Amino acid sequence: MADLSCNVAGIKAPNPFWLASAPPTDKLYNVERAFRAGWGGVVWKTLGIDPPIVNVSSRYGAVHYNGHRMMGLNNLELITDRPLEDNLKEIKQIKKEWPDRAVVVSLMVPCNEKDWKFILKKIEDTGCDGVELNFGCPHGMSERGMGSAVGQVPEYIEMVTRWVKESSDLPCLVKLTPNVTDICHAARAANAGGADGVSLINTVNSIVSVDLDLMAPEPTVDGKGSHGGYCGPAVKPMALFMVTEIAKDPETSNLPISAIGGISNWRDATEFIVMGAGGVQVCTAAMHYGFKIVDDMIDGLANWMDEKGYKTLDDFRGAAVQNVKQWQYLNLKYDVKARIDQSTCINCGLCYISCEDGSHQAIRETKLNGGRHYEVIDDECVGCNLCMFACPVPECISMERVDSGTEYQNWTTHPNNPMRVDQS
Amino acid sequence: MTSTDIRAGRLSQDELAENFSDHHPPLSPAYAKVESDRCYFCYDAPCIEACPTAIDIPNFIRKISTGNLKGSAKDILTQNIMGGMCARVCPTEILCEGVCVRNTQEEKPVRIGDLQRYATDWFFESGETLFERGEPTGKRIAIVGGGPAGLSCAHRLALLGHEIVIFEAREKLSGLNEYGIAAYKTVNNFAQREVEFIMDIGGIEARTNHVLGRDIKLDDLRNEFDAVFLSIGLGDVNELGLGDNDPEGVFNAVDTIADIRQAKSLEKLAVGRRVVVIGGGNTAIDIAVQSKKLGSEDVYLVYRRGSQHMSATWKEQEFAKSCGVNIKYWLSPKSLNSENGHVSGVEFECTKLNSDGKLSFTGESRFMEADIVFKAIGQSMQDTIFLDSETPEMKKGKIAVNNAFETSLEGLWSGGDCVKSGEDLTVQAVEDGKQAANSIHQKIMQG
């Protein structure tokens, strides 16, 4: 069977599935149950300097879509609300009881060297495997000059990372906020400061919904609301993009990545690993369905690896990065056309109307033997895939390659490109 | 041979209340949301095509999903003013739900009927107003028959600003919705609530207990009004043809269905221990099931052809069976046996289809004991309605109409069960009334 063990920035774990710093990892009771369920590691809910923070009541907002609950979740919770010593004691205990699992401690203290040194000293005594610097939390703490307020300024990231690395030998992950225009600046700063790796993404600035009676954003706290941090399946595409950007950037391509963002199953996780992540962190899915989901994650990844002949995660880690190109290098000669499998078509007409109103008018609606019938007009079909996605029947519409497969031309040499490279 | 056993109070009041409660309870808001999200919002959707009143089903379902229930109810009721009743009584399995594309995919259509009921129930509870009467036109139209076709026609014409007088033979409006449908299908006096809602538009006067041919004459109406719409349904019941006089204990199913609907207390209704229902349509199902629900021990529904030939749908047949009704196919009534003038059983001949598709007898016979026999083999036009008046052209026992629901007589339109437009369904009657109203409006506003 495949070996799922991982090593992210020098932090080892029996499998790449870790729980992200959040309510599921805020105390011994939870973490113990998580380890028993099979999670490879946890990033302990962010610690700060005492006195502990206080939280509001009514903390989460959610986006449900078409009957699917919690496509996206947002929260306005802060870091741990428990005394530092309580957390430290429990971290020490869990690490002792579960020596093979990764126990990483997330940290967030005010932006001065003294506080960082103080807390790191405390942490080292727990026997934990590493620290994660929370430069991502986008609400509450950022107003106090912490969290994403640090993560949005590359100079601060580098500075604090350097303090940490100078004060402690523990492997150090820097957790990045997605609330920036270019994630690479943040990753480069972490790298320059000596980080052993980065973890991303933290949550996305968001207002998930508005109560139209109260005229206030949700979750609503006594008639008022605040923006929160968005996570869950909805943010996965953004996270995947940002992880890929860092993996592609020559300056950070060797920087270990612990990927976070809407990972709900082994397939999501594997996508992040082939985009360069050494391991993944999960939160919303565990908050939704409980710790048990890790069973399928471990099983599914192992079975997939066996099927593909991969023995270790390193056998395929980053394997897809090389295929992420700038648009201008995509083959303009490549051509696909929609194909409707008439035997599974249920005649809902959604392919027709989506193409008719939303795309290239390339599907014809006709009657066949008195019934509704849809067919693709090849000359009009540009291969956009829209009908395939609108179709509610899995695999009823597929895209077939119709070009010769031997020609290649990209935008850099295309006659319509005023800036084209002269081929002669 | 056992003696006749007919008596009231076979079941307790609680049992009767349970048996005659809403047989198909409404969707909860949470369920309605889940179910509405199942709709694919098909383009040019097959369900719209299958609905005789062409309700824009995907649109009204989408509006339920977004919480726009007023918009949803308006979509439904604009096309079908009796959308509330139709949500309860339409055989959706052969209409909208029968063609839902989800059938092809997972054999489980979107519950369109239940969603329609959800939206219309919301409307009836809301106290909202959906329709406003147009400017008065000064035109007066007589509608004979205050059933679904007549009320639908009246509402549409009133909406267009005309003055309407409905002449209804019975005491209450609503026709078969009030008198001809099983009680458990439409509880809490819904038929009358719907009538109130329809009359709320204004400009409609109802004259009940007015029988055409007895209290009013068609010629007079045609003289007095700008137009007349005949929606008199089918007033007569087809006979078994087994002799001139039925013994006691043989009833027309439609009469008993009406009695059950109008009964103040069900425990006072006399019920036979052994009941035989002869027929194959909804009326047969409704009387058979209600007999069972009233406490009859053995209820046989007997039809002379096969299951697939019954006009009651597969779903209604299944429902009847689930209620404990025994359905016997391929038996044709031969004679009614009686003792002391009261029916004691029915003799049936076994039937089969010949290779040429014709029904024939196999030579075998069956006998069923019965305390009560219900005849439910269809209805026909009464022959007294056109007394002393010019009679419109008839076609196959019904009033002949063209596509605009015009009869052969000037100024006379007709629709509902007394014409042949589509299936004999409430929803078809509503559509007939609506289309006839549009046709009448067009005609009388020209001249």
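All residue numbers refer to positions counted from 1 along the written sequence of the respective chain. Key to labels: chains lettered from A, ligands numbered from 1, both in the order written. In keeping with the predicted nature of the model, local features appear solely for residues at pLDDT of at least 70, side-chain atom pairs appear and are counted solely at 80 or more, and the whole-chain, interface and lining totals rest on all residues.

## What about the overall build of chain A?
Note the following rule: Segments assigned H or I by DSSP are reported as helices when at least four residues long, segments assigned E as strands when at least two residues long, and all are numbered from the N terminus. Both definitions apply: the radius of gyration is a C-alpha atom measure, and the globule rule equals 2.2 Å times residues to the power 0.38. For every residue pair, C-beta atoms are placed from the backbone, and the pair is scored as a contact if these atoms sit within 7 Å.
Check the secondary structure of chain A and you find 12 helices and 20 strands. By the compact-globule yardstick of 22 Å for 424 residues, chain A fits well, its C-alpha radius of gyration being 24 Å. Taken along the three principal axes of its C-alpha coordinates, chain A extends 75 × 60 × 50 Å. In chain A, of all internal contacts separated by at least 6 residues, the share reaching a separation of at least 24 is 71%.

## Here we look at the overall build of chain B
Spelled out, the test is: Exposure criterion: with C-beta atoms placed from backbone coordinates, a residue whose C-beta has 20 or more other C-beta atoms within 10 Å is buried, one with 12 or fewer is exposed, and one in between is partly exposed.
In terms of regular secondary structure, chain B is built from 17 helices and 19 strands. The C-alpha atoms of chain B give 23 Å as radius of gyration, which agrees with the globular expectation for 447 residues (22 Å, within 12%). In terms of principal-axis extent, the alpha carbons of chain B reach across some 70 × 60 × 50 Å. For chain B, buried positions account for 47% of its 447 residues.

## A short note on the sheet that holds strand β11 (residues 326-328) of chain B
Strands pair in a sheet through their backbones, by hydrogen bonds, and they do so in one of two ways: parallel or antiparallel. Residues and elements named next belong to chain B. Put simply, the test is: A pair of strands is considered paired only if DSSP assigns at least 2 bridges between the two. With axes taken as lines fitted to C-alpha atoms, and helix axes fitted only over the stretch in contact, angles between N-to-C directions fall between 0 and 180 degrees.
Read across the open sheet, the 5 strands follow the order β7-β15-β9-β10-β11; overall the sheet is parallel. The open sheet is flanked by β7 (250-252) and β11, the only strands paired with a single partner. Across the sheet, the axes of successive neighbouring strands diverge by a mean angle of 20°, strand direction being ignored. Pairing geometry for strand β9 (residues 274-279) and strand β10 (residues 298-302), over 5 bridges, is parallel.

## Comments concerning the interface of chain B and chain A
Operational definition: When residues are sorted by character, Ala, Val, Leu, Ile, Met, Phe, Trp, Tyr, Cys and Pro go into the nonpolar class, Asp, Glu, Lys and Arg into the charged class, and all the rest, Gly among them, into the polar class.
Each side of the interface is counted separately: chain B has 10 residues, and chain A has 12 residues. Put simply, the parts of the chain that give the side of chain B that touches chain A at least two residues each are α2 (29-37) and α8 (101-106) of chain B. The element that contributes the greatest number of residues to the side of chain B that touches chain A is α8 of chain B, accounting for 3 residues. Split into classes, the residues belonging to the side of chain B that touches chain A amount to 6 nonpolar, 2 polar and 2 charged.

## What about the nonpolar core?
Where we set the bar: To count as a nonpolar core, a set of buried Ala, Val, Leu, Ile, Met, Phe, Trp, Tyr and Cys residues must be joined through C-beta atoms within 7 Å.
Core analysis: the largest hydrophobic core is formed by 139 residues, its most contacted members being Cys-351 of chain A together with Val-277 and Leu-301 of chain B. When near neighbours in sequence (up to four residues on either side) are disregarded, Cys-351 of chain A contacts Ile-340, Ile-363, Tyr-374, Cys-387, Ala-390, Cys-391 and Ile-397 of chain A. Counting residues in each nonpolar core, the second largest holds 94 residues, with Val-103, Leu-133, Leu-170 and Ile-246 of chain A among its members.

## A look at helix α4 (residues 57-65) of chain B
All names here are of chain B. Among the 9 residues in α4, 7 count as buried, and that is most of the element. Residues of α4 that are buried sit in contact with α2, α3 (46-50), α5 (69-79), α7 (96-99) and α9 (112-126). Within two residues after α4, Gly-67 carries a phi angle of roughly 85°, on the positive side.

## Here we look at the packing of helix α6 (residues 183-192) of chain A against helix α7 (residues 236-248) of chain A
A packed helix pair is summarised by two numbers, namely the angle formed by the two axes and the spacing between the axes. Residue and element names in this part refer to chain A. Counted only if it meets this: When describing relative orientation, an angle under 35 degrees is termed roughly parallel and one over 145 degrees roughly antiparallel, while 65 to 115 degrees is termed roughly perpendicular and anything else oblique. Take the far helix as the reference: if the near one is turned anticlockwise from it by less than a right angle, the crossing is left-handed, and if turned clockwise, right-handed.
Packing of α6 against α7 leaves a shortest axis separation of 9 Å and a crossing angle of 55°. Classified by the angle between their axes, α6 and α7 sit oblique to one another. Crossing of α6 against α7: the hand is right-handed. Contact with α6, carried on its side by Ile-183, Cys-184 and Ala-187, involves Met-242, Glu-245 and Ile-246 of α7 and no other residues of that element. Taken together, the residues that form the contact of α6 with α7 break down as 5 nonpolar, no polar and 1 charged.

## Here's the deal with the environment of Ile-377 of chain B
Residues and elements named next belong to chain B. Following the sequence through the fold, Ile-377 ends up in the loop between β15 (372-376) and β16 (379-380). Taking the C-alpha atoms as reference points, Ile-377 and Ala-284, separated by 93 residues in sequence, lie 7.7 Å from one another. Not counting residues up to four positions away in its chain, the partners in contact with Ile-377 are Asn-238, Leu-240, Ile-278 and Gly-279.

## A word on the sheet that holds strand β12 (residues 331-339) of chain B
Residues and elements named next belong to chain B. Across the sheet, 3 strands lie side by side as β12-β13-β14; this open sheet has antiparallel pairing. The strands lining the two open edges of the sheet, one partner per strand, are β12 and β14 (359-369). Each neighbouring strand pair of the sheet contributes to a mean axis angle of 20°, computed without reference to strand direction. Sheet analysis places strand β13 (residues 342-353) next to β14, joined by 8 bridges and oriented antiparallel. By the bridge assignment, Glu-347 is partnered in β14 with Phe-367.

## Some points on the packing of α4 of chain B against α5 of chain B
All names here are of chain B. Where α4 meets α5, the closest approach of the two axes is 7 Å, and the angle between their N-to-C directions is 165°. Judged on the interaxial angle alone, α5 and α4 are roughly antiparallel. Judged by the twist between their axes, the crossing of α4 over α5 is left-handed. Here Asn-59, Phe-60, Lys-63 and Ile-64 of α4 lie close against α5, whose contacting residues are Leu-69, Gly-71, Ser-72, Asp-75 and Ile-76.

## A few points about the pairing of β13 of chain B
Along any regular strand, the residues point their side chains to alternate faces of the sheet. All names here are of chain B. Note that β12 and β13 share 8 bridges and pair antiparallel. Bridge pairing in β13 places Leu-331 opposite Cys-350. The loop that links β12 with its antiparallel partner β13 comprises 2 residues; one of these, Asn-340, has a positive phi angle of about 50°. Here β13 folds back onto β14 in antiparallel fashion, the turn holding 5 residues, of which Gly-357 has a positive phi close to 85°.

## Quick word on the environment of Trp-39 of chain A
Residues and elements named next belong to chain A. Turning to its location among the elements, Trp-39 is positioned in the loop between α1 (28-37) and β4 (41-47). We classify Trp-39 as buried; it has 28 C-beta atoms within 10 Å. As a C-alpha pair, Trp-39 and Gly-371 span 332 residues in sequence and 53 Å in three-dimensional space. When sequence neighbours within four positions are dropped, the list of residues in contact with Trp-39 reads Phe-17, Trp-18, Leu-19, Ala-34, Phe-291 and Val-294.

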